Amino acid sequence: MSSTKESDTMASDGTSDAHINGHSLPYMFSMEATEAFLSKPIDAEVKGHIPGWLKGSLYRNGSGVYKMGDDVWKHLFDGFSVIHRWTIQDGKVTYLSTALDSDDFNRCFAANRIMGFGFGTHFPDPCKSIFRRFFSHFLPIPPGKPDNTAVNIVEMGDRLFAMTETTILHEVNPETLLSDGKVDIGEQVALHLGTAHPHFENDGTVLYYGTNFNYRKAYNIVRATPPKDNNASIHDAKIIACLPSRWKLNIGYTHSFGISENYIIILELPVTLNLWKLLTSRRRLASVVDCMEFFPDEKILIHVVEKETGRRMPYAYQAPHGFVFHFINCFEEDGYLVVDLCLIDNSEIVKKFYMNPFVNDDFNTVNAANFARFVLPLDVKEAQIGDPVNHLEGSEAKAVLSSNNIIEVDADRIFGYNVHFDLPRINYESINTKKYRYIYGTGNVDNDPIKKVIKLDIETKKTKFWNCPSQNYMVAEPVFVQQPGTTEEDEGVVLCPIVSNSSELHSFLVILDASTFQELATASIPVDIKMNFSFHGTFTSKPV
């Protein structure tokens, strides 16, 4: 890790220094814009045996380019999107990656500097006129929508879309990994912010979450038809549920939501976006984090909405203070709604994703979550105030009726507090919204410096691990792929990119037997090819 005499502050405004606090960015985060374009797929070196049935492509998305000229983004979520594709065919693997050619990227690349705002950083745009600055000072307007869709890539219909937490989606060309055009769900329905984690019903219908800056219409669920054939975009988007914020000047920050067979689950977290700060963020040169307010004494509210009618359940469920990025799965059982999450006790976790911990090689921040299961009674008409109302067999989750319409709940920490994991994936196509057994994620135990891929067995309460071969690796999100023709929940493989944080080590894709969690094969890219950390992805068996 090199250091310089220069110093940097953690203010959200950009500086011309390409270091943070006097230290260079870690190797995996120091990708130059020109390094982010591979001209053609690269043959990966395969060791081990890849099952013959495994054919298709794993697409990945994440913040990859943090530097442009002398400027550097200072938050993990700010980097420009880089799309990856691992293609597996007949035991061979190729790798391709490229920076997504969003308008944000193209504008900054042409200027060789970063302009605009991100999740944790804001760089002033020299092209803004005094005239525009004058009016934005007196007329509060929502921040512009960045189109750097660097969080997820999902398959809708027969097409791929890169997503982030604005309502803009880029359609990604599966061959070139470049944009084939943009879709803005906010132009179809009244939303200002969105999610990168939609859900899909059996017929392919998209369920999407979005936020409106009007606190009376803060939390919204949208149902939309995915693009088919020559349709230009996601269409027929309609808001099917709309909930108010408990605060008049704040709305809860939400990264994902959950669904069961009959219900939609929305978390109103005590991490909020202040509406006035958002509306004046341009004038103040503020990032999203600058607009956040944290309420350490307030609880999580769990809202349950009927999927068919859009009506909220008559009970509000209150959970202890905490924060959640990712739902795992939700299902109904014997009159209860079971909600599984990756729960973080510290609500200010988003502040810890500034680059400071990473320049000090402290990657444990990203594994701060534990498995948490909430059990929500759907009918407590016969209960008295003060009665425990969770009687689900085998469950240690707590639920107490505290008033006529408030149920206090606490989680069953099935795996305790020592198993830290996040970026969870399940056998989504087969068991999402159903009672299930297995979870795959990134994890470490007791701050072990060796990063791991983890498998959790809810039934036996046991865990299995695959360990990285060195401390200089970081585990990206694992993706489960089911073997065709099989019926067991974990019959298949887990695909997981392992990202090198050293110029002397290869990044690679590990292929694990999902049942035994034994390594089947690895596919390594050349050591001189830098691979960035990616957040989320999807596997498709369709040919490129």
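Residues numbered from 1 in each chain as written. Predicted model: local features only at pLDDT ≥ 70, side-chain atom pairs only at ≥ 80, totals over all residues. Heavy atoms only, no water.

Visitor: What is the right way to look at the sheet that holds strand β12 (residues 168-172) in this model?
Guide: As a general point, the strands of a sheet are linked pairwise by backbone hydrogen bonds and lie either parallel or antiparallel. Pairing in this open sheet of four strands is antiparallel, and the strands run β10-β11-β12-β13 from one edge to the other. Across the chains shown, the open sheet's two edge strands, defined by having one partner strand only, are β10 (152-156) and β13 (179-184). Pairwise comparison of adjacent strand axes, ignoring direction, gives a mean angle of 30° for this sheet. Here strand β11 (residues 159-163) pairs with β12 via four bridges, running antiparallel. Bridge assignment links Met163 to a residue of β12, and that residue is Leu169. (Pairing = 2+ DSSP bridges. Helix = DSSP H or I, 4+ residues; strand = E, 2+ residues; numbered from the N terminus. Axes fitted to C-alpha atoms, helices over the stretch in contact; angles between N-to-C directions.)

Visitor: Can you walk me through the confidence of the model for the protein in this structure?
Guide: Low-confidence regions, as indicated by low pLDDT, have predicted coordinates that should not be scrutinised in detail. Of all residues in the protein, 88% attain a pLDDT of 70 or more, and the chain-wide mean is 87. Every residue in residues 1-18 scores below 50 in pLDDT, and together they form 52 contacts with partners more than four places removed in sequence or on other chains. Segment residues 129-143: pLDDT under 50, and 19 contacts once partners within four positions in sequence are set aside and those in other chains are kept. (pLDDT = per-residue confidence, 0-100. Contact = heavy atoms within 4.5 Å.)

Visitor: Is there a simple way to think about the side chain of Thr166 in this case?
Guide: Mapping Thr166 onto the fold places it in the loop between β11 and β12. Look at Thr166 and you get buried, because its relative accessible area is 11%. Polar contacts involving the side chain of Thr166 include one to the main-chain amide nitrogen of Ile168, which spans 3.3 Å. In this structure Thr166 touches Pro146, Gly194 and Tyr208, once residues within four positions along its chain are discounted. (Buried < 20%, exposed > 50% of the residue type's maximum accessible area, 1.4 Å probe, protein only. Polar contact = N/O pair within 3.5 Å; in protein donor to acceptor, adjacent residues only side chain to side chain.)

Visitor: What is the right way to look at the sheet that holds strand β25 (residues 323-333) in this model?
Guide: Strand order in this open sheet of three strands is β25-β26-β27, and the pairing throughout is antiparallel. The sheet terminates laterally at β25 and β27 (370-377), the two strands that pair on one side only. For this sheet, the mean inter-axis angle between neighbouring strands, taken without regard to orientation, is 25°. Inspection of the sheet shows strand β26 (residues 336-344) paired to β27 by eight bridges, in the antiparallel sense. Bridging from a neighbouring strand, Val338 pairs with Val375 of β27.

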